[in-house]
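# Notes for the structure review
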Amino acid sequence: INFVFSSKEETSAKNAANIFYKKLMNELSHTSFSGTSFKPCGAPIYKINGKYRYHFILKTPYRKDIYDTINNVYHNLSFGKNDINVTIDVNPNNMY
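A brief report on the enclosed structure follows.

Procedures and definitions
- Residues numbered from 1 in each chain as written.
- Predicted model: local features only at pLDDT ≥ 70, side-chain atom pairs only at ≥ 80, totals over all residues.
- Heavy atoms only, no water.
- Helix = DSSP H or I, 4+ residues; strand = E, 2+ residues; numbered from the N terminus.
- Rg over C-alpha atoms; globule rule 2.2 N^0.38 Å.
- Phe/Tyr/Trp six-rings, centres within 6.5 Å; stacked < 30°, edge-to-face > 60°.
- Buried < 20%, exposed > 50% of the residue type's maximum accessible area, 1.4 Å probe, protein only.
- Pairing = 2+ DSSP bridges.
- Axes fitted to C-alpha atoms, helices over the stretch in contact; angles between N-to-C directions.
- Expected span 1.5 Å × (residues − 1).
- Arc of directions from axis to C-beta.
- Contact = heavy atoms within 4.5 Å.

### As for the overall build of the protein chain
Scanning the protein chain for helices and strands turns up two helices and four strands. Sequence-ordered secondary structure for the protein chain, helices as α and strands as β, is β-α-β-β-α-β. What you see for the protein chain is a C-alpha radius of gyration of 13 Å, in line with the 12 Å of a compact globule of 96 residues. Projected onto the principal axes, the alpha-carbon positions of the protein chain cover approximately 40 × 30 × 15 Å.

This is the structure we're talking about:
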């Protein structure tokens, strides 16, 4: 699963990715998660259309409790006020 955070302000995108990652990892510790996680970093294409991009990757098999946790964290953290876009790609064909 690829999580991408983009914003016109570089620090906003970076902070959003770090906050989401920490909250998600904390919540996943209470589930059956046994996959691999890669910490947030700049996306391969770091800036598109004037927006900075940060991402992190979660490798895990499908488990309903894990997907429910991701959904809950996504809906409980509000980034819309700060002009931050969040994209979650479950089976990414590429990492750009």
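Having seen the structure, we can now continue with the description.
### Focus on the packing of aromatic side chains
Counting across every chain of the model gives nine aromatic pairs. Look at F3 and F56: their rings are 4.5 Å apart centre to centre, the planes differ by 10°, and that puts the pair in the stacked class. Of this pair, F3 sits in strand β1 (residues 2-7) while F56 sits in strand β3 (residues 51-59); the two residues are 53 residues apart in sequence, bridging distant segments of the chain. Classification of F3 by relative accessible area gives buried; the value is 0%. Note on F56: relative accessible area 1%, which makes it buried. On the basis of an interplanar angle of 20° and a centroid distance of 6.0 Å, the ring pair of F5 and F56 is categorised as stacked. With F5 in strand β1 and F56 in strand β3, the pair connects residues that are 51 residues apart, well separated along the chain. Just as F5 is buried, F56 falls in that class too. Here a set of aromatic residues connected by ring pairs shows up, and it is made of F3, F5, F20, Y21 and F56.

### Digging into the sheet that holds strand β2 (residues 36-48)
Judged by pairing direction, the sheet is antiparallel, and its four strands sit side by side in the order β2-β3-β1-β4 without closing on themselves. Lying at the two open borders of the sheet, with one neighbouring strand each, are β2 and β4 (85-89). Averaged over all pairs of adjacent strands, the angle between their axes in this sheet comes to 20°, without regard to strand direction. Strand direction decides the pairing type here: β2 and β3, joined by seven bridges, are antiparallel. Bridge assignment links T36 to a residue of β3, and that residue is K59.

### What to know about helix α2 (residues 64-76)
For α2, which comprises 13 residues, the first-to-last C-alpha distance of 18 Å matches the rise-based estimate of 18 Å (1.5 Å per residue) to within 8%. All buried positions along α2 are accounted for by I66, T69, I70 and V73. The buried residues of α2 occupy one face: seen down the axis, they fall within an arc of 100°. Facing away from the buried side of α2 by over 90 degrees, the exposed positions are K64 and H75. Elements that come into contact with the buried residues of α2 comprise β1, α1 (10-28), β3 and β4.

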